[in-house]
Amino acid sequence: MRLPKVTRFLATVATAALAALGAVTVDAAPAAAAVRNVCYNTSQAGPFASYAVQAASIWNNATNNINMAQCGSNLMIYYTYGGGSYAQRTSLGNGRVVIDYYQAQQYSPLRIMTHEIGHILGLPDNYNGNCAILMSGGSAGTSCTNPYPSSTEAARVDSLFGFAARSATTPQVFTGSWPAPVTAGAQR
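> For this particular structure, what's the right way to read the side chain of serine 108?
As for its position among the elements, serine 108 is in the loop between α3 (103-106) and α4 (109-120). When sequence neighbours within four positions are dropped, the list of residues in contact with serine 108 reads Cys144 and Thr145.

In structure tokens form, the structure reads like this:
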């Protein structure tokens, strides 16, 4: 059963208010609701801040056990010029996402953002080239603009966040799901 949008909105507002007061809210959701807040920060996302907000909304609508909100810095969003987009997960729901400006000119920036956030939420790459699978990343080609996780991907995130222990995943860096664009002087 998905939480009504009003409930999610109220949870997001309450989380943001608590964060403004300095309260830690990463796991602040009531146990009965089994919803965990994933607080993200777009202050360093530059032109990709709105894509991060859209991607968070996509994950909120696709899953039951997470609520992504701009309420802290558990997930930092950055951008760079060259070198490829990637995610660095430090623990489930925590880490950083870096979006490559040049790649976002070739591939759908919303798909890249939602895919990289998927890594932070515990999903691995799936290089099968299927555009319907979000975690197939760039292997689906530049014409693929689908930013939505499949029902299997969303169910996996729900499963991961359904457990109390947040240390179930180890720190990991996910790179290479988007072929690096050929740019002069770009370094990885």
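> So what exactly am I meant to see when it comes to the confidence of the model for the chain here?
When pLDDT is low, close inspection of the predicted coordinates is not appropriate. Averaged over all residues, the pLDDT of the chain equals 82, while 70% of them reach at least 70. This stretch, residues 18-33, has a pLDDT under 50; its non-local contacts, to residues over four places away or in other chains, come to 19 contacts. Predicted confidence for residues 164-168 stays below pLDDT 50, and this span has nine contacts to residues more than four positions away or in other chains.

> Please clarify how a nonpolar patch on the surface should be interpreted in this entry.
Judged by side-chain polarity, Tyr79, Tyr81 and Tyr102 come together as a nonpolar surface patch covering roughly 290 Å² of accessible area. Mapped onto the secondary structure, tyrosine 79 falls in strand β3 (residues 75-80). On the basis of relative accessibility, which here comes to 32%, the residue tyrosine 79 falls in the partly exposed class.

What counts, and at which threshold
Residues numbered from 1 in each chain as written. Predicted model: local features only at pLDDT ≥ 70, side-chain atom pairs only at ≥ 80, totals over all residues. Heavy atoms only, no water. Helix = DSSP H or I, 4+ residues; strand = E, 2+ residues; numbered from the N terminus. Contact = heavy atoms within 4.5 Å. pLDDT = per-residue confidence, 0-100. Patch = residues over 30% accessible without salt bridge, like charges linked within 9 Å, V, L, I, M, F, W, Y side chains within 5 Å. Areas by Shrake-Rupley, 256 points an atom, 1.4 Å probe, with all protein chains shown as cover. Salt bridge = Lys/Arg side-chain N within 4 Å of Asp/Glu carboxyl O. Buried < 20%, exposed > 50% of the residue type's maximum accessible area, 1.4 Å probe, protein only.

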